[in-house]
Amino acid sequence: MTTQNFKSPDNAMKIGIKAFKSGQYRQALKLLSKLSNSTALNIAAVSAQKLQEYEAAEEYFKQAHNLAPRDSEVLNNWGHFELIRGDIETANMLFLRALSISPHLNAAKIGLGKTLNSQKRWAEALKVWRSLSKAASNTPTIIYGLATALLETGSPSQALVYFDRLQSALPRPEVAFMKGRAYLDLCEYYQAEAEFTYAYKTQPGKLYLQSLANIYWMQGKKKDFEELIKEAPDDLSVLSVNLLVDANLIDEAFEYWAHKSASLAGISEGQAVLSRLYQVREDANQSLNSAHKAIQLDPKSISAREAAITSYLMAGEPEAALQLLGPLCERYPHAQNWIAHKFVAQRMMKGGGDLDLLDIHPLIRSYKIPVPRGFKTLTEFNTAFARHLNALQGFKKRPLNQSLRGGTQTSQSLLAQENPIVKAYIDALDWPVKQYLQDIGKDPKHPTLSRNSNTYKFSGMWSVRLVDNGYHESHVHPEGWISSAYYVQVPPSLENSKSGWIHFGLPPYKTSPALSPVKWVKPEAGLVVLFPSFLWHGTK
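Rules used throughout
Residues numbered from 1 in each chain as written. Predicted model: local features only at pLDDT ≥ 70, side-chain atom pairs only at ≥ 80, totals over all residues. Heavy atoms only, no water. Buried < 20%, exposed > 50% of the residue type's maximum accessible area, 1.4 Å probe, protein only. Helix = DSSP H or I, 4+ residues; strand = E, 2+ residues; numbered from the N terminus. Pairing = 2+ DSSP bridges. Axes fitted to C-alpha atoms, helices over the stretch in contact; angles between N-to-C directions. Core = buried A, V, L, I, M, F, W, Y, C linked by side-chain atoms within 4.5 Å. Contact = heavy atoms within 4.5 Å.

Caption draft 1: Up close: the pairing of strand β7 (residues 527-532). Most of β7 sits out of view: 6 of its 6 residues are buried. Where strand β4 (residues 482-486) lies against β7, 5 bridges are found, and the strand directions are antiparallel. For A485, the partnering residue across the bridge sits in β7 and is V529.

Caption draft 2: Up close: the sheet that holds β7. Spatial ordering of the open sheet is given by β1-β7-β4, a layout of 3 strands whose pairing is antiparallel. At either end of the open sheet lies a strand with only one pairing partner, and these are β1 (365-368) and β4. On average, each strand axis in the sheet is inclined to that of its neighbour by 25°, with strand direction left out of account.

Caption draft 3: Spatial organisation of the nonpolar core. In this structure, F225 and V241 are the most contacted members of the largest nonpolar core, which totals 94 residues. Among residues more than four places away in sequence, those in contact with F225 are A213, Y216, W217, L243, L244, A247, L249 and L400. Within the second largest apolar cluster, 42 residues are counted, among which are I339, I502, V521 and V529.

Caption draft 4: Expanded view of the sheet that holds strand β6 (residues 519-521). Spatial strand order, β6-β5-β8: 3 strands in an open sheet with antiparallel pairing. Only two strands of the sheet have a single partner each, and these edge strands are β6 and β8 (537-539). Strand-to-strand twist across the sheet, computed as the mean angle between neighbouring axes with direction ignored, equals 25°. Bridge count between strand β5 (residues 502-504) and β6: 3 bridges; the pairing is antiparallel. Looking at β6, one finds that F504 is bridged to K519.

Listed below in structure tokens is the structure:
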């Protein structure tokens, strides 16, 4: 009979490391967590992470770091741990610190690239992935990271080269999905549909269903769209109802919900989406009833609380809506949708609450852009710009998840385009945006003015083309803080009516009592209108 001597720290270290390498994480954790050694505690932390004991893992990472503040391996592993937990900012900071000590630590570079991708800091991410591609073996992780950054920075053709390399070696639905996005940006809709189909058929999921349904819809393939929804698995039923609502197929959405009621009635998300259906029908009482059921089933559900907030405002109970909004606005101070509902509630109460949002007129401003470089007049520029934008409008119908009704939208953000006309337009926006920031000023207590540092960065830019009787439903922009609308061409009929004018402050749901817009702005070619992203806006 033999025994192992764990009393010696060196022996415990050797046996603990051997246990870790063989996947015996519990044994490794037991041995290494007792040692006052940064390497041992580092491995103990990773062992706890493998065992999903996250509080213990965090504690051992802290202990290891305290013993060796400049140990880049500790910082790297800790960063990957925070990345898994979803604390992207902390992970980013840890990877940067690791690389400041060990600039060539590729594991930390990969982690940094992933955090930059998550933060949508695509230009910085691209630099990291390019450096990894040159300095290290092109592992699937590096190739995928590089291809994704290329796609997001407006190089879909280059991205496809790397995605194709991945897909030929190891076909995966997530790679097919990204290829579909690249083909979509290149306006190659048949190929995009094929990739989205492969991704969804291989691994049915929310993102894949939504993308495939959307491309069917935008191509005018209504039968394919309806068949896709009909055959969707039960765990995608909530999304399926929302897609039908987005397509304005309200009767079909009610029928679908009734058909799937056995799986939907007993879950919070199911009752929340039913509440949305009743909101579209302007039935405040039934909407509120379903919202209450959704909250009872899951009091923490965001969709349930939003359903209840909207229902309260429809039912003429702004005080009840504000009670739900208070904790949400405190937890998510920059979430524009919560501020938007709060604005509606305050309008219904004619003021009140802990934040006065009603002084909104000074924050809605219009400017004529300067004549972009390379053009003699604004009319000449708008003519060329319209010609370019019209060439990008390849779909028959609007995207499902947008406010547009009766028209089409470009599939790729204009920010990703290298076209000189687009570049000239973006440059011309610099003056009105900076002037707007100067004009509105600062206020530490205001959700928009508190973010004004007199600097800006565009997060997205798309072109919309409305057809006859087309319009925008009232909406907000959840991810921004300042939004804009630029008018390239305007039909003459807008001169004598408010048809096509942009209105502000009117929510997409009918409140009790009914509200009117706080302001209208008449479109003019060459005019850019700037306003807070939380402000409901649409067209007649």
